[in-house]
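A closer look at the structure
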Amino acid sequence: QVRLVESGGGLVQPGGSLRLSCAASGSIFSINAMGWYRQAPGKQRELVATITSGGSTNYADSVKGRFTISRDNAKNTVYLQMNSLKPEDTAVYYCNARAITTARVYLELWGRGTLVTVSS
């Protein structure tokens, strides 16, 4: 069984920082792209940032310059450093990974989500 487990969400004041982590575990052969998505109340899930196995990154315009995505391929872990947080960043953040299992099966994985609340 392959799964993603997120951690690092919480309550932070505007202008503050948080770091999210997401670790993939199980019978993994390789992981291609990993990323973070978020869903605010009453809104659709949206892309926040993605990173390829080679380190190429992509960001939503709304987070460029404030958020940084990174990954540790040896640990099958992706991170999201969030700085200068704004109330509109409040959402449930979901980790996503496109993995190939040891049985050579392609899977698109989602974590259960971690809540980030930006409020004074």
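Placed above this text is the structure.
Below you will find a few notes about this structure.

Definitions and cut-offs
Residues numbered from 1 in each chain as written. Predicted model: local features only at pLDDT ≥ 70, side-chain atom pairs only at ≥ 80, totals over all residues. Heavy atoms only, no water. Helix = DSSP H or I, 4+ residues; strand = E, 2+ residues; numbered from the N terminus. Rg over C-alpha atoms; globule rule 2.2 N^0.38 Å. Buried < 20%, exposed > 50% of the residue type's maximum accessible area, 1.4 Å probe, protein only. Contact = heavy atoms within 4.5 Å. Areas by Shrake-Rupley, 256 points an atom, 1.4 Å probe, with all protein chains shown as cover. Pairing = 2+ DSSP bridges. Salt bridge = Lys/Arg side-chain N within 4 Å of Asp/Glu carboxyl O.

A word on the overall build of the protein. Scanning the protein from terminus to terminus reveals 0 helices and 11 strands. Counting from the amino terminus, helix and strand elements in the protein follow one another as β-β-β-β-β-β-β-β-β-β-β. Against the globule reference of 14 Å for 120 residues, the protein gives a C-alpha radius of gyration of 14 Å, in line with a compact fold. Here the C-alpha coordinates of the protein stretch approximately 50 × 25 × 20 Å along the principal axes. Of all 120 residues assigned to the protein, the portion counted as buried reaches 41%. For the protein, contacts bridging at least 24 residues in sequence account for 54% of all contacts bridging at least 6. Per element, the accessible surface of the protein, about 6,400 Å² overall, is 47% carbon and sulfur.

The pairing of strand 9 (residues 91-101) with strand 10 (residues 106-110) spans 5 bridges and is classified as antiparallel. When the sheet's bridge partners are listed, Arg 98 is paired in strand 10 with Glu 108. As consecutive antiparallel partners, strand 9 and strand 10 are separated by 4 residues, and within that stretch Arg 104 has a phi angle of approximately 65°, a positive value.

As a further point, take the pattern of salt bridges. Within the structure shown, the criterion is met by 5 salt bridges. Residue Glu 46 pairs with Arg 38 through a salt bridge whose shortest N-O separation is 2.7 Å. Overall, the relative accessible area of 37% leaves Glu 46 in the partly exposed class. Relative accessible area serves as the criterion here: at 5%, Arg 38 is assigned to the buried category. Residues joined in a network through salt bridges with shared partners are Arg 38, Glu 46, Arg 66 and Asp 89.

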